[in-house]
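# A look at the structure
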Amino acid sequence: LQDGARQEGTRHFCLLLLAALCRLNVENMRRLRHEGGVAVLLGQLARCRAMDPALPSPYTVAMLDALWACVVPDRKNAARFLVEEGLEGLLELLEGGNRGHRAVVLSVLCDLLQNPRAHPFFHEWRSARDKQTAAHLLLTLWAEEEAARGMTVDGLLTNMTHPLSGTGKRTQWVPQETILYGGLLDATSGGRSGSANGAAADSRGGAVAAMLGASAGEPLLSKLYGCFRLLGFGSFAYLAPPDTARLALVEKYVKFKQGEVWHAIREEFEATGMRPTAADRERLASGIELGEHLARAVRDTQASILQRDLAAQAAREAAFFEDMRAQRALEKEARFYQ
């Protein structure tokens, strides 16, 4: 792995082999640590961060899988990984890497955050791009899915009946995968010839499509919720009001998913013509009503947070202009005495 002259395919196979060895025998995790394997994997993480993020990289996925299998489950390996800025490397890969890697990065991050010692490293991280926090980075990923579904408008929940479905209309333009990756994803449609090159393109296109599919929609939202749930929703006092309003929605993700289950059960009864018992009808109605009440409560919370922020901004602007008027009055008085 450390030999840069080796072909990437060879190093890729070594990463897969490392992950398999550690999964088969936990004693291999200790051996990996004693042989300096954690530092080697950190070096591979740095290598993956430097790769071109234009396309998903199977090598990066293999590296993340090796971290997941060899480092995260072992307490001492994880401690060394944290001390040597491994969590920072994961967050930088999440921020600047291809979005097809997000699902695996978030899975590794979520398991790593089960260790409370990882929490300070998460809260202390700041982006080299814009100095934003790790929590803001995760909420930015959530916001992309919000925009794709129309879940919120001006920071407020839009659909009280199906909160996670939103309006079904994008509130922000996001380039489609066919634009981002050209004809590569079309390889899975069977439009190519049966040649060896066509089969290779089919394989690459299928891999890209699978990685992108796991990095959006419910798989993405559930992993983001899991990270925040492990960190504790009350530990983000440093967030800006728009992020705090979004976090109020993230916190109720599981409750909203339960509401979707109640709706799905009712729709299935209606589609099949089955009539539930009186007790089941009451339970269905109660579950659906509770979900709608919760959606309205979240919207009210978001509105309250954003209104307080607007009031604070107005107060700061008023104080600024008052200071300007006072300064001008002093300057005028000074000119009079001159």
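See the structure printed just above.
Residues numbered from 1 in each chain as written. Predicted model: local features only at pLDDT ≥ 70, side-chain atom pairs only at ≥ 80, totals over all residues. Heavy atoms only, no water.

### Looking at the overall build of the chain
Here is the rule we go by: Think of it this way: any DSSP run of H or I at least four residues long counts as a helix, any run of E at least two long counts as a strand, and we number them from the N terminus. Think of it in three bands: residues with accessible area under 20% of the maximum for their type are buried, residues over 50% are exposed, and the middle band is partly exposed, with areas taken using a 1.4 Å probe on protein chains only. Throughout, a contact is declared for two residues whenever any of their heavy atoms are within 4.5 Å.
Within the chain, the secondary structure is distributed over 15 helices and two strands. A burial count over the chain gives 39% of its 338 residues as buried. Expressed as a percentage of contacts within the chain between residues at least 6 apart in sequence, the contacts between residues at least 24 apart total 69%.

### Quick word on the packing of aromatic side chains
Our working definition: Classification of ring pairs uses Phe, Tyr and Trp, with its six-membered ring standing for Trp, and accepts pairs whose centres are within 6.5 Å; under 30 degrees between planes counts as stacked, over 60 as edge-to-face, and the remaining range as tilted. Cation placement over rings: the criterion is NZ of Lys or CZ of Arg within 6 Å of the ring centroid and within 35° of the ring normal.
The full count for this structure, using the stated rule, is six aromatic pairs. Measuring from ring centre to ring centre gives 6.1 Å for Phe236 and Tyr238, while their planes differ by 70°; the resulting arrangement is edge-to-face. Given a relative accessible area of 5%, Phe236 falls into the buried group. We classify Tyr238 as partly exposed; its relative accessible area is 34%. Of the aromatic side chains, those joined through ring pairs into one cluster are Trp142, Tyr225, Phe233 and Tyr253. The lysine or arginine in question, Arg47, covers the ring of Tyr59, its NZ or CZ lying 5.3 Å from the ring centre.

### Focus on the nonpolar core
The condition that has to hold: As used here, the term nonpolar core means buried Ala, Val, Leu, Ile, Met, Phe, Trp, Tyr and Cys residues forming a set that is joined through side-chain atoms within 4.5 Å.
Among the nonpolar cores identified, the biggest contains 67 residues, and Phe81, Leu90, Leu109, Phe122, Leu138 and Phe228 are the most heavily contacted of them. The biggest single contributor to this core is helix α4 (residues 58-70), with eight residues. For Leu90, the contacting residues outside a window of four places in its chain are Leu45, Leu64, Leu67, Phe81, Val105, Val108 and Leu112. Grouped together as the second largest cluster of nonpolar side chains are five residues, Ala245, Ala303, Ile305 and Leu306 included.

### Section: the environment of Gly96
Mapping Gly96 onto the fold places it in helix α6 (residues 86-96). Through-space distance from the C-alpha of Gly96 to that of Pro53 is 7.3 Å; in sequence the pair is 43 residues apart. Non-local contacts of Gly96, meaning those with residues more than four positions away in its chain, are made with Pro53 and Arg129.

### Topic: unusual backbone geometry
The backbone of Glu85 sits at a positive phi, close to 65°, despite the residue not being glycine. Residue Glu85 is classed as exposed on the basis of its relative accessible area, which comes to 54%. For Lys131, which is not a glycine, the phi torsion comes out positive at approximately 65°.

### Some thoughts on the pattern of salt bridges
To keep things clear, this is the line we draw: Salt bridge, as used here: a side-chain nitrogen of Lys or Arg that lies within 4 Å of a carboxyl oxygen of Asp or Glu.
Tallying each qualifying case throughout the model produces 13 salt bridges. Note that Arg149 and Glu218 form a salt bridge whose closest N and O atoms lie 2.9 Å from each other. Of this pair, Arg149 sits in helix α9 (residues 134-149) while Glu218 sits in helix α12 (residues 217-231); the two residues are 69 residues apart in sequence, bridging distant segments of the chain. The class for Arg149 is buried, based on a relative accessible area of 14%. For the salt bridge of Glu218 with Lys257, the shortest nitrogen-to-oxygen distance reads 3.6 Å. On the criterion of sequence distance, the pair formed by Glu218 in helix α12 and Lys257 in helix α14 (residues 253-272) is long-range, its members being 39 residues apart. In this structure Glu218 comes out as partly exposed when scored by relative accessible area, which is 26%.

### Examining helix α1 (residues 8-24)
What counts, and what does not: Here the expected length of a helix is defined as 1.5 Å per residue gap, with one fewer gap than residues. Directions are taken from the helix axis to each C-beta atom, and the arc is the one they span.
Between its terminal C-alpha atoms α1 stretches 24 Å, which fits the 24 Å expected from 17 residues at 1.5 Å a residue. All of the buried residues along α1 are Arg11, Leu15, Ala19 and Cys22. Considered in projection along α1, the buried side chains sweep an arc of 85° and stay on one side of the axis. Facing away from the buried surface of α1 by more than 90 degrees, the exposed residues are Gly9, Phe13 and Leu24. In this fold, the buried residues of α1 make contact with α2 (27-34), α3 (37-49) and α4.

### Points about a nonpolar patch on the surface
This is how the line gets drawn: A residue counts toward a patch only above 30% relative accessible area and without a salt bridge, and it is joined to like-charged neighbours within 9 Å or, for Val, Leu, Ile, Met, Phe, Trp and Tyr, to nonpolar neighbours within 5 Å. Using a 1.4 Å probe, accessible areas were evaluated by the Shrake-Rupley method; residue-level cover was limited to the displayed protein chains.
A cluster of nonpolar side chains, Phe13, Leu17 and Leu21, forms an exposed patch at the surface whose accessible area comes to about 290 Å². Note on placement: Leu21 falls in helix α1.

### Some thoughts on the packing of α3 against helix α5 (residues 75-83)
The line we're drawing: Structural elements are reduced to axes, namely lines fitted to C-alpha atoms, with helices fitted over the stretch in contact, and the angle between N-to-C directions of any two is expressed from 0 to 180 degrees. An angle counts as roughly parallel when it lies under 35 degrees, as roughly antiparallel when it exceeds 145, as roughly perpendicular when it falls between 65 and 115, and as oblique in every other case. The crossing is said to be left-handed when, going from far helix to near helix, the turn is anticlockwise and less than a right angle, and right-handed when the turn is clockwise. In the scheme used here, Gly and all other residues not listed as nonpolar or charged are polar, with Ala, Val, Leu, Ile, Met, Phe, Trp, Tyr, Cys and Pro taken as nonpolar and Asp, Glu, Lys and Arg as charged.
Between α3 and α5, the shortest axis-to-axis distance is 10 Å and the interhelical angle comes to 45°. Classed by the angle they form, the pair α3 and α5 counts as oblique. Seen from above, α3 lies across α5 with right-handed handedness. Packed against α3, whose contacting residues are Val38, Leu42 and Leu45, the element α5 presents Asn77, Arg80 and Phe81 at the interface. Split by residue class, the contact of α3 with α5 holds four nonpolar, one polar and one charged.

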